[in-house]
Amino acid sequence: LVLLTAEFCHLAYFFYQLRRDGCELVICSCELSLVSASDPETYRRCASCCESLTASSAPLPVMAAPPEVDPVLLSEIVYYGREKLYHHIQQLVLEAKRKKGATPVLAFWNAFSMMMEGSVADAIREFQRTQHRDVVLCTTLALIHAHKLSPTGDKEAVQKLDAKMREERKTCGEVGWYHASMFLWMIGRHDKAREYVGRILKTSPSNPDACTLYGWIDLTCGRDSLIKKSVEYFDKALDNRDTVAVPPDCYLGKARLFEMRKKLSGALDLINLAVVDYQNYLPALIEKCRLQLALNNWEQCYDTTQRILSKSPSCIAARQYQVLWTQCKEGKIQETAEQIGELIELVDRHEPRNHRLYCDLSRLFSRVSGGNQHILQQTNTLLDRARSIAPNLSDYVTEAGNQVMMRPKGSPTREAVRLYREAMKLDETSVSALTGIIWCQILDGELEDAAQQLDFLTELQASIGQSSELCYLRALLAEREGQPAEQVVEKLRETEKFHTDNAAKLQFGFDYFVKISPELTLRLVKFLMNYASEEGSATVRVLHSCEQLLAELSGKAPGLIEALFLTAKLWVLKGDASRAQQALAECVKLDTTYSPALLLTAELALKKGDVAQCKQHLEVALSYNFEVREKPYYHLLMARACVREENMRGAEEALITALSLPGVRKAGANAVPLSERAAVFLELSSLYKQSGRHTDAMKIVTEATSLFQGTSEEIRIKVSHADLMAATDVDGALALLRAVKAGDAYYINSREKMAEILMKQRRDHRMYIKCFQELTETLGTAHTFDLLGDAYITIKDPTSAIDCYQTALKKDPHNGRLASKVGKAMVRTHNFSRATAYYETALKLGKQTELRYDLAELHFKLRQYDKVQRVITAGLEEENGDDLQSLEQRVKYHLMMASVAEKDGVQPALDWLDRAKDEQAKLLRVLQKATDTQFDAQKQRQIAADICCRSAGLFTERQDNEAAVRAYQEALLFLENYEKALVSLAQLYLNVDNLEACQQHCVTLLRYFTTHEGAAMMMGEVQFRKLQYDAATFHFEQLLEQSPANFNALARLIDLMRRVGKLNDCKPYMDAAEKQHSVTVPAGFHICKGLFYRHSSNASEALKCFNLARRDKVWGERAIFEMIDICLFPDGETVAGGVLTSVESGERMDSDVMALRTAEKLLNEWQPTTAEQQVRRSVLRGQLKVKSKAKGLLDEAIEIFHDTMQPTGPHKQVVDYVPAIVGLIIAYMVLKQGPRARTQIKRISRRAWNFREAEDLERAWLLAVDSFIESNRFDEAAKMLSRIIQYNQSCSKAWEYRGFLNEKTNNFVDAAMNYENAWRFSNKSNPVIGYKLGFNYLKAQRYVDAVEVCNKVLETHPTYPRIRKDILEKARASIRC
């Protein structure tokens, strides 16, 4: 015996040698290992202390009576035993022995932990040498249990031990009974344990240790009657808390009972008492963490884990809670994976043989992984550890299969099936493995086998109980079998109800995540959303089911990014874009690279019509994750964006790519949502239809019909099919739509499409209305009566519409939109008194107070401005609160008053706009603090910016440019990327010739909107004004490379190329645009082609092209204007210019008369829609009168031009209107009133050039040149011509004037060069210029060139006078000489 060197010192290293049954045994100095000294394989190194072993011949000592075990230490041992953390017990015992020495009790619990870990042989040896009277009974019981666990159990030894146990029971003391009872409880023998501890309570009824143990035995026995009684024993132990030391486990027991009774707060109070009384008792803090999480108090739970780790950095439970915090609360996926890796190392050190712990951790973290591959790699590592320790456990193999199925990509079913079958071999009764096999069979299309297996499991449900997984599989099988959507939805809702009920029964914690499985919840939500598409296949109940599931999950785990994303998608399906944006913002806040959120954000941008923003989000998603290219959703959005840009080829390529992706044409393991698959087919067919490829469209729809037959999308495909058929077979299309019955998905859509076909194809108003009447008779909802009312409005029957809207309003009395429709329908009947009475009655009754604005709007339209003021004044008095609704209404009232005040002048309107701006700013401040609001902050900021822009417009009207700039800048403070303000501000800077500021704002615009046409065009104009022609054309070329069918950009490029003298360089861009529309050529292309011909001096072809676009809604007005302009100014003529008209005077009299008639007819046809167009129409009418050259009409024209330019005239917003000034100059020149004409010329000569007025400025400057030449002011004429050519190098008339000036000075060489340019830029079609060029070639002795020009003129104008005799013959004669 080696004695202890000092009290509380570390135990000195010593060895015991025992000869028993011829076997030499050696006990290591740590007293935790007993090994055979005669066995060379085991006689090496102690596993506990890693010390080398040596033999000793010293006899086995007889151990003295040990000191009593620390009750806190014993409670910790009990806690870890209860939690099955057996290696923790060994570490506690080792630490205690190092501090205070060995005791039989500690040796027993050390051996017990070895036995429960699976080291049965070592445990038996330890039990055999632990024979102190305090533990002899529990040791004997443990030896009996160990022999039974041993694969080579010794029956004879068990019999001897049984006999010994009976003897020991006769002499056992209270300590012995206590530890024996605890041991029996630990191995699950509750009745025997209760009997043993009952013996203590007979002699010592108030023994706190015995009472605590008895309470725990009853609490965990599973019998309700005993569980209820357990509180009596805990209370008895706690009664003498002030005088007797109560074991800390007593607090934990009573807290656990409160927890079972759902009294979590009371349980937490008890745990707090334990923490106060036993500050170093770690299990109390761990239990506190668990209860705080059960109360869904993540922050306090995390704080407690920090406190635990400060005491014990290696605490596995605390680390486990922190991993959950990182993933489920903070949503930091990468950090979660790293923390799991650290936890694995911790478990490897402190619970290396605990396969249950490895599997539990793996199962828990995989369920909250969201399919993230980094986390799943770590959970697979944990599972591999468990399977290596216990390779024959079926549950672990099944779990491996489950985690394979969680992989986000690939085809996992093959590997998963292999694992599930391996699990079935280990345990043929494994329901979970069979469930996994059925799941894989359904996904692989083996529906018959899956159905048989599922039926078998359904029959077993009576005995095994129903599960969410089985309900889910029944719904999945129903969908794959093509059962009606209603049946699938019913099964899904049954699954949702069962899942939700189970969640309600469970306490939030580790078990909650494992049993409820967020992975299954999200899978179920996505499945439900397949039947909840925006187009209407979803019922409100389905959306409600999704909302319930997501609300439950997000409430428990707010950091699960996929749950947040699906919540955003849910709000999109419900039509609440504001809440969707909020949820998406949370997603991006958690992970800026989360591609699904970026794709959905792109979809919302596209719905708002912001194509540039949509494409930007798509590019960002692709830059973060190239795998988005494998998602049909990405290509679908790209195609829709291309369609908005009229880039049909790009859209087609995107959709064909989507169609070729796995899971689109045929559902696979990683199934693409049904609605997405159908959307790809429908978008492609719609694209083909728009492009005129009817056959291709029908082929796609026919394929979709066969693929989606029997699914929830079948009716949606039918509606699209009918839409295509309507072009060729109206009866067939209507028959297809009539087949859709009430109750079917998309029933309302089918009737709307039927009505549309009847109206467009047959103009059958009666049947059109009947479609909507059928809806009201079948469904009778407020929505259907609303649709019927809209239909009556379409056929211009507002009286019937009123009845429908009123019926709808009775069914939905709080719907302000319907109440507004009633009033507006009354207005359409022109029964304004009835409409006014309706509004006033509704307001008197106190109903629908939002109608007050509609009443004010009606008075405004009727020009009853005093009544507008009275109504709005009452509204402002009523809406005096500071809530969001009142502030919003006040802003609308102030804006209406600004419109009224505008009639009295600019300043009163500005005052009201300032008030509106202040109220809107206040609304934004309130909105910033508000939570859970329906108000869209982005929209409200835009309203504030709009108010500022409106003020800026008024400042511009009174030519206060500095104030206008400030107003636009203020608008940008509200919304920094507000397109309207940026464009207007850049345009304002351009108008005041501040090119640098304009360019700066254009660059800002292009940063926010990469393909912004207006910004690119202004940039081109800025560069052009700076004489940087290549830079000017670059912006337009870039726009056309991205979208060849961008006709606005193409038209501007044609104009710009003409001005830099490179008109023919536009031909490749025109060819590319024409290829985009090979079947039907759009009006925009005809406009561009007409402009090209006009600038090429081919007026007749230009007129033909413009005529083709004349009836178009978008381009028609411009086409008419261009045609009128050609009639008024053919070939660039200026009507009054006298210098260059002598050669051809009188030759065009007939054509001028015809041109005047055509122009007048077109002018009468043109119906301007804006004030600016009305001004332009008046000026054109005046120019028509000038063109006639009749004295009376000339005077009328002059009056029109003066009225147009006077601030007090009917168009007082326009001053110094250039087209009107041009008209005045021409009129005065025709009337031979030179001084007046020169006054107007002087007025226009100082004006800065700009694109908007370029054509009129050029005409005015040409007239000025003509006037200067007539006045012999040749130098001024030359300067003006240089200015014209600077801005339009293709102006043939300017080159002609230059040649004329050279002729005046007998400079025939330069004259010939200038006339050559004029001849080239007039497309060699003007015989007058050809004559002059030939004449100057002759004078400059360029005889061959003169002959060539004469031949060209005579080729197109064979009878042209004098050119043959005056030039051609003389040139030929000179050549002969």
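What this report covers is the structure whose coordinates are included nearby. (Residues numbered from 1 in each chain as written. Predicted model: local features only at pLDDT ≥ 70, side-chain atom pairs only at ≥ 80, totals over all residues. Heavy atoms only, no water.)

1. Overview of the overall build of the chain
Right, on to step 1. For the chain, the count of helices and strands is 70 helices and three strands.
Right, on to step 2. Across the 1377 residues that make up the chain, the buried fraction comes to 54%.
Right, on to step 3. Summing over all exposed atoms, the chain offers an accessible surface of approximately 62,700 Å²; the carbon and sulfur share of this is 49%. (Helix = DSSP H or I, 4+ residues; strand = E, 2+ residues; numbered from the N terminus. Buried < 20%, exposed > 50% of the residue type's maximum accessible area, 1.4 Å probe, protein only. Areas by Shrake-Rupley, 256 points an atom, 1.4 Å probe, with all protein chains shown as cover.)

2. A look at the packing of aromatic side chains
Right, on to step 1. All told, the structure shown has 26 aromatic pairs when counted by the stated rule.
Right, on to step 2. Pairing Tyr 768 with Phe 772 gives two aromatic rings, centres 5.5 Å apart and planes at 75°, and the pair type is edge-to-face. With Tyr 768 and Phe 772 both in helix H39 (residues 765–778) and four residues apart, this pair spans about one turn of that helix. Phe 772 carries the same exposure label as Tyr 768, and that label is buried.
Right, on to step 3. Here the aromatic cluster, defined as three or more aromatic residues joined through ring pairs, consists of Tyr 86, Phe 108, Trp 109, Phe 112, Phe 127 and Phe 183.
Right, on to step 4. Over the ring of Phe 508 we find Lys 556, and its NZ or CZ is 5.7 Å from the ring centre. (Phe/Tyr/Trp six-rings, centres within 6.5 Å; stacked < 30°, edge-to-face > 60°. Lys NZ or Arg CZ within 6 Å of the ring centre and 35° of its normal.)

3. Quick notes on the nonpolar core
Right, on to step 1. Ranked by internal contacts, the top residues of the largest apolar core, which has 237 residues, are Trp 109, Phe 112, Phe 127, Phe 183, Trp 185 and Phe 513.
Right, on to step 2. Examining the composition of this core, we find that 10 residues originate from one element, helix H28 (residues 561–573), more than from any other.
Right, on to step 3. Beyond its immediate chain neighbours, meaning those up to four positions away, Phe 513 contacts Trp 298, Leu 324, Cys 328, Leu 364, Arg 367, Val 368, Phe 508, Pro 518 and Ala 557.
Right, on to step 4. In terms of nonpolar packing, the next biggest core, distinct from the first, is built from 119 residues, Met 1057, Ile 1087, Leu 1128 and Ala 1237 among them. (Core = buried A, V, L, I, M, F, W, Y, C linked by side-chain atoms within 4.5 Å. Contact = heavy atoms within 4.5 Å.)

4. Quick look at unusual backbone geometry
Right, on to step 1. Of note, Lys 262 is a non-glycine position whose phi angle comes to about 70°, a positive value.
Right, on to step 2. Relative to the assigned elements, Lys 262 resides in the loop between helix H11 (248–260) and helix H12 (264–277).
Right, on to step 3. A positive phi angle, near 60°, is found at Lys 796, a position not held by glycine.

5. Digging into helix H52 (residues 1013–1025)
One turn of the α-helix equals 3.6 residues, which is why residues spaced by three or four share an orientation.
Right, on to step 1. Taking 1.5 Å per residue as the helical rise, H52 with its 13 residues ought to reach 18 Å, and the 18 Å between its terminal C-alpha atoms agrees with that figure.
Right, on to step 2. The element H52 is extensively covered by neighbouring structure, given that 11 of its 13 residues are classed as buried.
Right, on to step 3. Along H52, the residues classified as buried are Ala 1015, Ala 1016, Met 1017, Met 1018, Met 1019, Gly 1020, Glu 1021, Val 1022, Gln 1023, Phe 1024 and Arg 1025.
Right, on to step 4. Contacts made by the buried residues of H52 are with helix H50 (979–991), helix H51 (995–1008), helix H53 (1029–1042), helix H54 (1047–1059) and helix H65 (1274–1287).
Right, on to step 5. In the segment just after H52, Leu 1027 is the residue with positive phi, at about 65°. (Expected span 1.5 Å × (residues − 1).)

6. Considering a negative patch on the surface
Right, on to step 1. Among the surface-exposed residues, Glu 335, Glu 338, Glu 342 and Glu 345 lie close enough to one another that they form a single negatively charged patch.
Right, on to step 2. Take Glu 345: it is sitting in helix H16 (residues 333–350). (Patch = residues over 30% accessible without salt bridge, like charges linked within 9 Å, V, L, I, M, F, W, Y side chains within 5 Å. Salt bridge = Lys/Arg side-chain N within 4 Å of Asp/Glu carboxyl O. Lys, Arg positive; Asp, Glu negative; His and termini not counted. Charge placed at Lys NZ, Arg CZ, Asp CG, Glu CD.)

7. Some details on the packing of H12 against helix H13 (residues 282–294)
Right, on to step 1. Contact pair H12 / H13: the axes reach a minimum separation of 9 Å and the direction vectors enclose 160°. In terms of their interaxial angle, H12 and H13 are classed as roughly antiparallel. Judged by the twist between their axes, the crossing of H12 over H13 is left-handed. Across from Leu 264, Ala 267, Leu 268, Ile 271, Asn 272, Ala 274 and Val 275 in H12, the residues of H13 making contact are Ala 284, Leu 285, Glu 287, Lys 288, Leu 291, Gln 292 and Ala 294.
Right, on to step 2. Residues of the contact of H12 with H13, tallied by class, amount to 10 nonpolar, two polar and two charged. (Axes fitted to C-alpha atoms, helices over the stretch in contact; angles between N-to-C directions. Parallel < 35°, antiparallel > 145°, perpendicular 65-115°, else oblique. Left-handed = near helix turned anticlockwise from the far one by under 90°. Nonpolar A, V, L, I, M, F, W, Y, C, P; charged D, E, K, R; others polar.)

8. Overview of the environment of Val 431
Right, on to step 1. Tracing the sequence through the fold places Val 431 in helix H21 (residues 431–443).
Right, on to step 2. We classify Val 431 as partly exposed; its relative accessible area is 28%.
Right, on to step 3. With 26 residues separating them in the primary sequence, Val 431 and Leu 457 have C-alpha atoms 7.9 Å apart.

9. Section: the pattern of salt bridges
Right, on to step 1. Overall, the coordinates contain 71 salt bridges when judged by the stated rule.
Right, on to step 2. Salt-bridge contacts for Glu 195 lead to Arg 199; the nearest nitrogen and oxygen are separated by 3.6 Å. With Glu 195 and Arg 199 both in helix H8 (residues 190–203) and four residues apart, the pair spans about one turn of that helix.
Right, on to step 3. Using a relative accessible area of 32% as the deciding quantity, one classes Glu 195 as partly exposed.

10. A few points about the packing of H52 against H54
Right, on to step 1. Relative to each other, H52 and H54 sit at 5°, their axes nearing to 10 Å. With respect to each other, H52 and H54 are oriented roughly parallel. Between H52 and H54, the residues in contact are Glu 1013, Met 1017, Glu 1021 and Phe 1024 and Asn 1048, Ala 1049, Arg 1052, Leu 1056 and Arg 1059, respectively.
Right, on to step 2. Among the residues making up the contact of H52 with H54, the classes are represented as four nonpolar, one polar and four charged.

11. Here's the deal with the side chain of Thr 336
Right, on to step 1. Looking at where Thr 336 falls in the secondary structure, it is placed in helix H16.
Right, on to step 2. Accessibility expressed as a relative area gives 1% for Thr 336, which makes it buried.
Right, on to step 3. Dropping the residues within four chain positions of it, Thr 336 is found in contact with Val 323, Thr 326, Gln 327 and Ile 375.

12. Overview of helix H55 (residues 1067–1076)
Right, on to step 1. Those residues of H55 lying buried are Tyr 1069, Met 1070, Ala 1073 and Gln 1076. The buried side chains of H55 occupy one side of the element, clustering within an arc of 115° when seen end-on. Among the exposed residues of H55, those pointing more than 90 degrees away from its buried face are Pro 1068 and Lys 1075.
Right, on to step 2. Contacts made by the buried residues of H55 are with helix H33 (648–660), H53, H54 and helix H56 (1083–1095). (Arc of directions from axis to C-beta.)

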